[in-house]
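# Chains, contacts and geometry: an overview
Residues per chain, in single letters:
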Amino acid sequence: MLRLRVNKPAVSFLAQMAACLFMLALCVAGARQQALETGAILKIAALFCFFWLWHQQLTRSGSPWPLSLAAVSITAFEASLRIDQIPGALYLTGGVLAYITVWMFTTYRRQPGLQPLATMALVICAALLANPTVAIGCFALALSLFVFNPHPAVGGRLGFAFLLFTPVTLCVSAAVMLGFLVTGNVMAYPLSAPPILHSAARPMLDAALLANELLIPIAILASRIAAGRAGSSDLALVLIVFIAAASTRWFPGYCDVSGVWLLSLGGSAFLLTNAFEGRASARPAHA
Amino acid sequence: MLEPRETASRAGRRMPNERVRLGELLVREKLITAEQLDHALELQQKWGSRLGDVILTMGWVRPQEFYRTLASHFGMEFVDLIKQPVDGSLLDRDRLLSYSEGLYLPWRSQNGALWIATADPTSPAIEEIRKSQPNVRLVCTSKFDIIWELQRVAGSKFSDDAVNHLATFDPKHSARTVVTPPQKVFLALALAAAACLLAAFPFGFVVGVNALINLFLFVSFLFRLTLCWMSCADRIGFSVSDEEVASLTDTELPVYTVLVPMYQEPEVLPILTAALRRMDYPRSKLDIKLILEEGDAQTIEAAKALALDATFEIVRVPPSFPKTKPKACNYALNLARGKYLTIYDAEDKPQADQLKKAVVAFRKLGEGTACVQARLNYFNAEENWLTRMFTLEYSLWFDMFLPALDRLRVPIPLGGTSNHFDLTKLRQVSAWDPFNVTEDADLGLRFAALGYRVGVINSVTFEEANSRLGNWIRQRSRWIKGYIQTWLVNMRDPVGLIRRVGIQGFCSLQLFVGASVFSALVYPFVVLPFLVWIFTRSAALSPFFPAPVLVVSVANLIAGNSILIYVSMLAAAKRHHFSLLPYALTAPAYWLLMSVAGYKGLWQLVTKPFYWEKTTHGISKLTSAEVLRASSQSE
């Protein structure tokens, strides 16, 4: 009789490492067409550490204080560097947001609660400031939850709508209002990064390159389907990638293919992590 | 004057088997029925209390008659201490606590014998005295006579201690001095430096100050958002399960003191007594003290009229300065007999199992825990806009912020009521600061500074939310004034504070207590440029608020408001007040009110630092209905 022995901390550690390395690869890939400056490398490393700490915090294995310290350091660091000079960091941010959205979507589907909902709501806001395509993808995923999974624990459909969409509504209203106040034009959208991102990202990535980059997520999805492990998170990923791809046609001035790429990579990074996490929580089985 | 008489036997010297049992004696005297005795014996078994305590707390017999019978049971003389008062010169001022805990007093001294009046002839304290002093005689009296006489003889000392103990023994933690001389010097230097900088670099100075204010506010908003996000988890921090409460047996429960300070609120007394009677705790182990001001004849008369059972005691606090709730509680602390102690406001409705949960919490959290705070919320949330906003704010505070602060192991500013203390530790830290008008918040920080833990338990006390604007502003101005006092006290020695509570504790004090006051005070100044900008397009402000600074301020204002609106929503959802979610959008108007109260509090800190702005309770429509219901029940 064989007994499957699972070393949970080790597998969990591997999962986090896998996710973080994937993210690192993501931002290095994003930055590969430009020379990396010292500031950019430092920033990528800082974001990498922050993501790892946050992951640990969410999996209840870390202390919140290093996380807060990391957040403050990164904010200070952000202020000291011009974001448009660091495409790698921008890519990492977009990828992380996609990762978290798919993660929270899966968490909420497993057990509806306030924390995944609030995280998704805040991530959509952050995505709106970082990359409109990612924001649209995340928003679409949140909308699908609203349509299919409102839960009494969060106040049913009305409560759900308030909790999920208030931050993004406030964010957009504020942006429109500030845009109007600064430029007199409601469409000025001064808080968003699109003009910055566009200038940095467009020369780097075209549709042909995107097709190559999508090979990794497609491989991950295929392997999960083959292993019979595909579930709602896989479906969610496909959904947001399609919506994001469609958004590049609907809003060509704001959305571009780099967002689609970020969503697919970030989301599939979560699927990869989830595979490890699933094994970590597996019960010892008898064969 | 009546003199001590030798009774037929030396008090308490007969063997127990010679005596008729107390219960039988009470039945024989027709003070209770045989059925009542059987019931009392059952409860005695269940609660692990003495029969006398059970019978008294059930209210079947008047205390005076009971103690007469008790005297006869022990073959002792009964004395009425109101008619035959104690000789005050016999009291040992260092043993006042022992007198109140052991329920005895030295009564008279005659022919070399010391006569002791006791309500508990079998207490260990009496046994100890007998061992140490051979020529001791006992007389029996009632518990209430002991408390009355103790207050009469030692009241002035109790009162003096209540006011001065902390300021005398731990002056650096007392708010009696509002701003210390070094703080005054620092403040003067800072103002002078600011004036010089403003004169030399008006543009740079305004930009710098604005940037600093915005940075601080933004970090404090983010801190609050992080706390809320942490508390959104289904289970955060410490909790006591229903199973753990159910596994407690009544016999193992300690005596619990409940302090209820009241002033000019006779109308809510029936609600209070009804709520306390509903507590799931052996009544014979409750030591409830209604703390009333001596001059408050109205409430004293109302309390007497309720003919409360022996669980309740009325403590009359003699007039002295400052006339504050913490001073009254300090006074009553001298008469507390419990292992643990809690405070409720007059209109509070604690969940029935709260005391048991606190007992479990103290056991689980261990020796280092000095206090656990129950969560507060309101029963009249839906009454009007103000009560809705107040409920949102309390949900945010007690369901989101405090559990997260507990999780972070940083100092927790306690809420006004429903804090449960380990009585020994409370006395060790000199209890409440009578000069601080948010004595609870100050005490939580003081416990942390002394290395004790303050926890939060998952039990709720429902209070009455302020439904009238004037009353709300009075209450809030006191809170903000008290927060400034607390901040000033803790910032007397910032380096020492960091050493005691760590850098995390220090930061959390600034971002939580400091930022609460600061944001209330600067809020209008952040809103004002925004409004001026909208109406004037910044032309009027351009000399002092260059466009980049103005944009940052306005962006911060919007981000801050958005964050606070959203966390209020999360708090409402956590407490399942889903109907309050849309009201969170009106929170900016509520914060403007907070600014009004903030400036009132600041003004009072300068003019009347120790003045206690009384909050009127019992003004809610729901409370009025509740009073009628409770009154009819008590009748």
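Worth saying up front: this structure is predicted, and the values here are computed from it rather than measured.

Cut-off values and rules
Residues numbered from 1 in each chain as written. Chains lettered and ligands numbered in written order. Predicted model: local features only at pLDDT ≥ 70, side-chain atom pairs only at ≥ 80, totals over all residues. Heavy atoms only, no water. Helix = DSSP H or I, 4+ residues; strand = E, 2+ residues; numbered from the N terminus. Buried < 20%, exposed > 50% of the residue type's maximum accessible area, 1.4 Å probe, protein only. Contact = heavy atoms within 4.5 Å. Areas by Shrake-Rupley, 256 points an atom, 1.4 Å probe, with all protein chains shown as cover. Axes fitted to C-alpha atoms, helices over the stretch in contact; angles between N-to-C directions. Parallel < 35°, antiparallel > 145°, perpendicular 65-115°, else oblique. Nonpolar A, V, L, I, M, F, W, Y, C, P; charged D, E, K, R; others polar. Pairing = 2+ DSSP bridges. Core = buried A, V, L, I, M, F, W, Y, C linked by side-chain atoms within 4.5 Å. Expected span 1.5 Å × (residues − 1). Right-handed = clockwise from strand over helix to strand, strands pointing away. Salt bridge = Lys/Arg side-chain N within 4 Å of Asp/Glu carboxyl O. Disulfide = S-S within 2.5 Å.

### Examining the overall build of chain A
In terms of helices and strands, chain A carries 12 helices and zero strands. Seen in sequence order, chain A has helices and strands lined up from the N terminus as α-α-α-α-α-α-α-α-α-α-α-α. Out of the 287 residues belonging to chain A, those deemed buried represent 49%. Here the contacts in chain A between residues at least 6 apart in sequence split such that 76% fall between residues at least 24 apart. Summed over all atoms, the accessible surface of chain A reaches about 13100 Å², with 69% contributed by carbon and sulfur.

### Some details on the packing of helix α15 (residues 385-408) of chain B against helix α21 (residues 587-607) of chain B
Residue and element names in this part refer to chain B. Running from N to C, α15 and α21 point in directions that differ by 90°, and their axes come no closer than 11 Å. By the angle class used here, α15 and α21 are roughly perpendicular. Between α15 and α21, the contacting residues are Trp385, Leu386, Met389, Phe390 and Glu393 on the first element and Ala587, Ala589, Tyr590, Leu593 and Met594 on the second. Here the residues of the contact of α15 with α21 are counted per class, giving nine nonpolar, no polar and one charged.

### Quick look at the sheet that holds strand β7 (residues 340-343) of chain B
Residue and element names in this part refer to chain B. Taken in spatial order, the eight strands line up as β6-β5-β4-β7-β10-β9-β11-β8 in an open sheet, and their pairing is mixed. The open sheet terminates on both sides in strands that have one partner only, identified here as β6 (312-317) and β8 (349-350). As paired elements, β7 and strand β10 (residues 419-422) share three bridges and run antiparallel to each other. Bridge pairing in β10 links Leu341 to Phe421. Against the sheet, helix α12 (residues 297-305) engages β4 (256-262), β5 (286-293) and β6, with an angle of about 150° to β5. Along the sheet, helix α14 (residues 354-365) contacts β4, β5, β7, β8, β9 (369-378), β10 and β11 (453-463); its crossing angle with β11, the most-contacted strand, is approximately 170°.

### So, the nonpolar core
Counting residues in each nonpolar core, the largest one holds 210 residues, and the members touching the most others are Leu163(A), Leu341(B), Phe421(B), Leu426(B), Trp432(B), Phe447(B) and Trp472(B). The contact partners of Leu341(B), leaving out residues within four places of it in the chain, are Tyr256(B), Thr257(B), Leu259(B), Leu333(B), Ala336(B), Asn419(B), His420(B), Phe421(B), Leu423(B), Leu426(B) and Trp432(B). Membership of the second largest hydrophobic core comes to 37 residues, among which are Leu248(B), Val258(B), Val260(B) and Tyr340(B).

### Digging into helix α2 (residues 34-47) of chain B
Owing to its 3.6 residues per turn, the α-helix brings residues three or four apart onto one side. Residue and element names in this part refer to chain B. For α2, built from 14 residues, the straight-helix expectation of 20 Å at 1.5 Å per residue is met to within 8% by its first-to-last C-alpha distance of 20 Å. Contacts made by the buried residues of α2 are with α1 (22-28) and α3 (51-58). A positive phi of about 70° marks Gly48, the residue just after α2.

### A look at the sheet that holds strand β2 (residues 113-118) of chain B
Residue and element names in this part refer to chain B. Strand order across the open sheet formed by three strands is β1-β2-β3, with mixed pairing between neighbours. Looking at the sheet topology across the chains shown, the edges are occupied by β1 (104-110) and β3 (136-140). When strand polarity is set aside, the average angle formed by the axes of neighbouring strands in this sheet is 30°. Here five bridges tie β2 to β3, and the two strands are oriented parallel to one another. Bridge pairing in β3 places Ile116 opposite Leu138.

### So, the pairing of β5(B)
Residue and element names in this part refer to chain B. β5 sits mainly inside the fold: eight of its eight residues count as buried. Burial along β5 is two-sided: Leu286, Ile288, Leu290 and Leu292 and Asp287, Lys289, Ile291 and Glu293, pointing in opposite directions, are all buried. When β5 meets β6, the two strands line up parallel, connected through six bridges. Residue Lys289 lies in a different strand from β6, and its bridge partner there is Glu313. Assessed by its sense of winding, the connection that carries the chain from β5 through α12 to β6 is right-handed.

### Section: the pattern of salt bridges
All names here are of chain B. Evaluated as defined, the whole model comprises 32 salt bridges over all chains. Between Glu393 and Arg476 there is a salt bridge, and its shortest N-O distance comes to 2.6 Å. With Glu393 in helix α15 and Arg476 in helix α18 (residues 469-490), this pair connects stretches of sequence that are 83 residues apart. One exposure class covers both Glu393 and Arg476, and it is buried. Its salt-bridge partner being Arg446, residue Asp442 comes within 3.2 Å of it at the nearest N-O pair. In this pair, Asp442 and Arg446 are both assigned in helix α17 (residues 439-449), four residues apart and thus about one turn of the helix distant. Just as Asp442 is buried, Arg446 falls in that class too. Ionic contacts of the salt-bridge type, sharing partners, join the residues Lys143, Asp287, Lys289, Glu313 and Arg337 into one network.

### Comments concerning the state of the cysteines
Residue and element names in this part refer to chain B. Here the structure, examined in full by the defined rule, presents zero disulfides over all chains. With no disulfide of its own, Cys228 lies 6.5 Å from the sulfur of Cys232, the closest cysteine sulfur. We note that Cys371 lacks a disulfide partner, and the nearest cysteine sulfur, in Cys329, lies 13 Å from it.

### Some details on the environment of Ile563(B)
Residue and element names in this part refer to chain B. Inspection of the secondary structure assignment puts Ile563 in helix α20 (residues 547-574). Taking the relative accessible area as the measure of exposure, Ile563 reaches 13% and is therefore buried. If we ignore the near neighbours within four places in the chain, the residues touching Ile563 are Phe221, Leu222 and Leu225.

### Comments concerning the environment of Ala346(B)
All names here are of chain B. Along the polypeptide, Ala346 turns up in the loop between β7 and β8. Along the backbone, Ala346 and Leu56 are 290 residues apart, and their C-alpha atoms lie at a distance of 23 Å. Apart from the residues lying within four places of it in its own chain, the contact partners of Ala346 are Val260, Met262, Glu265, Val268 and Leu272.

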